[in-house]
Amino acid sequence: MNPLIDTLADGAWHSGEALAAASGVTRAAVAKRVEKLRELGLDVEARQGLGYRLSRPLERLRQPGLQAALPGLRVSVVDSIDSTNKQLLEAPASDDPQFLFAEFQTAGRGRRGRAWRSPFGANLYVSLGWSFAAWPPQLTALPLAVGVACARAVQAQGLSDVQLKWPNDLYAAGRKLGGILIEHRGEAGGACRVVIGIGLNVAMSGAQADGIDQPWIALDEALAAQGGASASRNALAASLMRELVDMLQGFEREGFEPYRQAWLGYDLTRDRAVRLTGTPTFDGIARGIDAGGALVVEAEGERRIVHSGDVSLRLS
Ligand code: ATP
Ligand code: BTN
């Protein structure tokens, strides 16, 4: 825990003297610690005569509250980590199901080696380690079912308009709100264990998002656009945990079909012109997904089935 972050979390001004006195260090040491907070992606303002404040209040994730959402499960919250996915891939499967939340990731990762920006406390970065009792027949559709769970959690925070972009993105107002990265350690014949990673943009500012190369949105902005109040990160996290566990149990029991139906209700590209970039690249009209979660695209009068992997889907 970082006491300076906890003091500044209220978003009010705190003088250098008061901060120095509270932690028994000099004002110069406080200035150095503030610099470190900026390296974590926190937007700390400094003003002569006023001191320091965060540009917006910060709601820290609280482990006890999250634990209470799902009492029987292992739930951890850490301040800083390389990647929650990487960490859980290395964790013992015997601890599954286990959730790991981080306030900050130094090496958050997206699909195909892309970086996931993870400024401190601005968003949700969470991974769930899950061991299936048996290999589910439609495992390739799991990212889509996870998308449904995420969409439901976001809706529970009051966002009426949320979409899913095949195969692994959450959208609001036509911009990327979050992403899903499912990884597993390849152990042929071994147990079926997945690590489900989710990054959900909640209150990220333009400055914190520096370097993101496509239109993105944070939940607070999407809620404000529809006249709603900001989201509570803890409430969103708790709801996400419950939706995920509920979905995974349903997926084990009933397979993908119930989630396929739900997914179609969120489909961003349905009946719209799209471009699939990969091998080969082609244009067509998106026509939903098949029973295994593959994308159906109508191109040159034919229905083509596109599996996720090395393809990118874009509206054209
Ligand atoms: P596809 O996989 O179909 O090409 P994609 O372009 O969304 O989709 P992903 O690997 O799924 O690629 O996601 C990474 C991208 O998500 C980043 O390159 C960036 O453009 C966008 N993005 C949105 N929010 C964030 C965020 N918080 N951190 C990093 N990237 C973000
Ligand atoms: C994507 O759209 O490419 C997926 C992004 C997934 C990001 C999350 S943040 C928590 C978890 N840990 C990671 O390193 N990545 C995932």
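Residues numbered from 1 in each chain as written. Chains lettered and ligands numbered in written order. Predicted model: local features only at pLDDT ≥ 70, side-chain atom pairs only at ≥ 80, totals over all residues. Heavy atoms only, no water.

Colleague: Teacher, can you tell me more about the pairing of strand E2 (residues 51-54) here?
Modeller: Regular strands show a simple pattern: their side chains alternate between the two faces of the sheet. Where strand E1 (residues 44-47) meets E2, 4 bridges bridge the pair, whose relative direction is antiparallel. What sits directly across from Ala46, in E2, is Tyr52. Two successive antiparallel strands, E1 and E2, enclose a turn made up of 3 residues, where Gly49 displays a positive phi of approximately 85°. (Pairing = 2+ DSSP bridges. Helix = DSSP H or I, 4+ residues; strand = E, 2+ residues; numbered from the N terminus.)

Colleague: Could you clarify how one ought to interpret the packing of helix H2 (residues 16-23) against helix H3 (residues 27-39) in this entry?
Modeller: Helix-helix packing is characterised by the crossing angle of the two axes and by the distance between the axes. Where H2 contacts H3, the two axes come as close as 8 Å, and the packing angle between them is 95°. Taken together, H2 and H3 sit at an angle that is classed as roughly perpendicular. Here Gly16, Glu17, Leu19, Ala20 and Ser23 of H2 come into contact with H3, specifically with Arg27, Val30 and Arg33. Considered class by class, the residues forming the contact of H2 with H3 number 3 nonpolar, 2 polar and 3 charged. (Axes fitted to C-alpha atoms, helices over the stretch in contact; angles between N-to-C directions. Parallel < 35°, antiparallel > 145°, perpendicular 65-115°, else oblique. Contact = heavy atoms within 4.5 Å. Nonpolar A, V, L, I, M, F, W, Y, C, P; charged D, E, K, R; others polar.)

Colleague: Whenever I open this one, the pattern of salt bridges confuses me. Can you help?
Modeller: Side-chain pairs of opposite charge can arise where the charged atoms are in close proximity. One pass over the full model with this rule turns up 22 salt bridges. With a shortest N-O distance of 3.3 Å, Glu103 and Arg60 are connected by a salt bridge. With Glu103 in strand E4 (residues 98-105) and Arg60 in the loop between E2 and helix H4 (63-69), this residue pair connects regions lying 43 residues apart in the sequence. By the burial criterion, Glu103 is buried, and Arg60 matches it. Of the charged contacts in the structure, one is a salt bridge between Lys176 and Asp169, with a shortest N-O distance of 2.9 Å. (Salt bridge = Lys/Arg side-chain N within 4 Å of Asp/Glu carboxyl O. Buried < 20%, exposed > 50% of the residue type's maximum accessible area, 1.4 Å probe, protein only.)

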